[in-house]
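# A structural walkthrough
Take a look at the letters that make up each chain.
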Amino acid sequence: MKLVVEPAPRPLTGTVTIPGDKSIGHRALLFSILSQTPVRVLGLGDGADNGRSARAITQLGATIKRDGAALVIDGTGLDAMRAPSAPIDCGNSGTTIRLLCGLLAGQHFATTLVGDESLSTRPMRRVADPLRRMGASITGVTKGNDIVPPLVVGPVTGALRPLVIDLEMASAQVKTAILLAGLCADGATRVTEPGPSRDHTERMLAYLGAPLVTTGRTITIDTTGWDRRLAGAGFEVPSDPSSSAFLVAAALVAGAGEVRLPNVCVNPTRTGFLDAIAAMGADIVRENPREDAGEPIADVVVRGGRPLVGVELAGDLVVRAIDEIPILAVVAARARGTTTIRDAAELRVKESDRVATTVALLRAFGVAADERADGLVVAGGGGLRPGDVDSHGDHRIAMAAAVAALVAGGRVRDVANVATSFPSFARLVGEIGGRISESSPAR
């Protein structure tokens, strides 16, 4: 499967509604199994990844019924999950498999977690090691100094041990796995991060009634005297800011009149992309700010006309924009001057080596770009030529390349995994005036 992209014939304009946030959707599904009351989840995205989390909880004993646009989940509570009759297939979803490690770490049965070809190469030791320190049993396939899926989690004998840990790298997935395991530990589990990461887990577990306290960058789950009861009425999942970034970037790269994206999650841990493009000079505003179940939401509006300039992106901002670095690099290619991105070593272990694949996609469009050990350097200001890009099965590389092609045209190959996160991507770009079509390879 490939994407064929024509140059945008006019400035992009319109209002589009982005599917629900994938990170919040995963948690709304996976955490609902812990609730002792039915949980109503509205606004889930249309990607395959969230579907993997939904199927996982049904294999563990939850039931899911559709009520109009919502899903109603009857969970098991913390102590009544059942052993699945077959391995849980996490597909391409790293979030599903890593969060399940924490969810299952304290269970008295074994669960096998598998994934697709890409997920089966991704490192899992950084999640497994702290859970093992808590007494969890986690085994996988040895690959160098790491382990990769398939993973076998459990069984555990007795309660898990509480853990006090300073993470070497800020990671919402690792933090979440430890906190979920902490619900099954006797005593106080404390996780301290060196910098900010997504805090959807803390907001959602607190809403469900978990004994959780956040002090600065330390999060504590203390089960001492806790009745082990979690319960919540439901969640409304706001639009995904990571998916929204591709529409915002398309407007900036191809030229915009005015593009509106309603109901976007603007949690401060997720707004690195918006803050970065604002620093580059983009005309981007947030209107109608509000809050739902602890999550801040706003309507995002981007307008064309302002020149963009190169910047240096590093530190906490890069952590908050880690998934958007490929599309930020495409925006940087249209800015005047050089953009340097540092402190992004985590990109090396995503669905692809995103430092290498981002640089390759930029070069395919004639942009001067170079790799660094923990990031990349992009020379902006030049024109883009038609490009032919191999996404290496990475959905974010595929979509970033398609956005770049809105300038001069091009083709993007190996794009099937776009369906894992944003299957409506091409259609929504079309709604604001872009031209992206899917084409199957000739046989």
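Here is what the cut-offs are and how they apply
Residues numbered from 1 in each chain as written. Predicted model: local features only at pLDDT ≥ 70, side-chain atom pairs only at ≥ 80, totals over all residues. Heavy atoms only, no water. Phe/Tyr/Trp six-rings, centres within 6.5 Å; stacked < 30°, edge-to-face > 60°. Helix = DSSP H or I, 4+ residues; strand = E, 2+ residues; numbered from the N terminus. Buried < 20%, exposed > 50% of the residue type's maximum accessible area, 1.4 Å probe, protein only. Pairing = 2+ DSSP bridges. Axes fitted to C-alpha atoms, helices over the stretch in contact; angles between N-to-C directions. Contact = heavy atoms within 4.5 Å. Salt bridge = Lys/Arg side-chain N within 4 Å of Asp/Glu carboxyl O. 1 Å grid on protein atoms, 1.4 Å probe; cavity = no way out; pocket = protein on both sides within 12 Å on 5 of 7 lines; lining within 4 Å. Points joined across faces, edges and corners; volume = space filled by probe spheres on them.

### Digging into the packing of aromatic side chains
Under the defined criterion, the tally for this structure stands at three aromatic pairs. Arranged with centres 6.2 Å apart and planes meeting at 75 degrees, the rings of Phe246 and Phe425 form a pair that is edge-to-face. With a gap of 179 residues between them, Phe246 in helix α7 (residues 241–254) and Phe425 in helix α14 (residues 425–431) connect regions that are remote in the sequence. Judged by its relative accessible area of 1%, Phe246 falls in the buried class. Taken together, Phe246, Phe422 and Phe425 form an aromatic cluster joined through their ring pairs.

### Looking at helix α3 (residues 94–104)
Every α-helix winds through 3.6 residues per turn, so residues three or four apart in the chain are directed the same way. In terms of burial, α3 is a largely internal element, eleven of the eleven residues being buried. Regarding α3, the residues found buried are Gly94, Thr95, Thr96, Ile97, Arg98, Leu99, Leu100, Cys101, Gly102, Leu103 and Leu104.

### Comments concerning the sheet that holds strand β2 (residues 12–15)
In space, the four strands of this open sheet follow the order β2-β15-β17-β16, with mixed pairing throughout. Here the strands that pair on one side only, and so sit at the sheet edges, are β2 and β16 (283–292). When strand polarity is set aside, the average angle formed by the axes of neighbouring strands in this sheet is 20 degrees. Where β2 lies against strand β15 (residues 256–265), three bridges are found, and the strand directions are parallel. Considered in β15, the bridge of Thr15 is made with Arg260.

### Regarding the side chain of Thr176
Residue placement: Thr176 occurs in helix α5 (residues 172–182). What makes Thr176 buried here is its relative accessible area of 0%. Setting aside residues no more than four positions away along its own chain, Thr176 makes contact with Arg27, Phe31, Leu99 and Thr201.

### Things to note about the pattern of salt bridges
Applying the stated criterion across every chain yields a total of 33 salt bridges. Residues Asp370 and Arg363 are paired through a salt bridge, measuring 3.2 Å at the closest nitrogen-oxygen approach. What makes Asp370 partly exposed here is its relative accessible area of 39%. Overall, Arg363 belongs to the partly exposed group, its relative accessible area being 42%. Between Arg427 and Glu431 there is a salt bridge, with its nearest N and O atoms 2.8 Å apart. Of this pair, Arg427 and Glu431 both sit in helix α14, four residues apart, roughly one helical turn. Residue classification places Glu431 among the partly exposed residues on the basis of a relative accessible area of 42%.

### Some details on empty space enclosed by the protein
Scanning the entire structure with this criterion turns up four cavities of 30 Å³ or more. Looking at the largest cavity, its volume works out to about 480 Å³. Residue lining of the largest cavity: 33 residues in total, with Thr95, Gln173, Arg198, Asp323 and Lys350 positioned closest to the centre. Counting residues per element, the ones that place at least two in the lining of the largest cavity are α1 (22–32), α3, α5, α9 (315–320) and α12 (395–408). Tallying contributions element by element places α1 first for the lining of the largest cavity, with four residues.

### What to know about the pairing of strand β21 (residues 375–379)
Counting buried residues in β21 gives four out of five residues, a clear majority hidden from the surface. Sheet analysis places strand β20 (residues 368–372) next to β21, joined by five bridges and oriented antiparallel. In the sheet register, Arg372 faces β21, and the bridge partner there is Gly375. Once β20 ends, the chain turns through two residues before running back antiparallel as β21.

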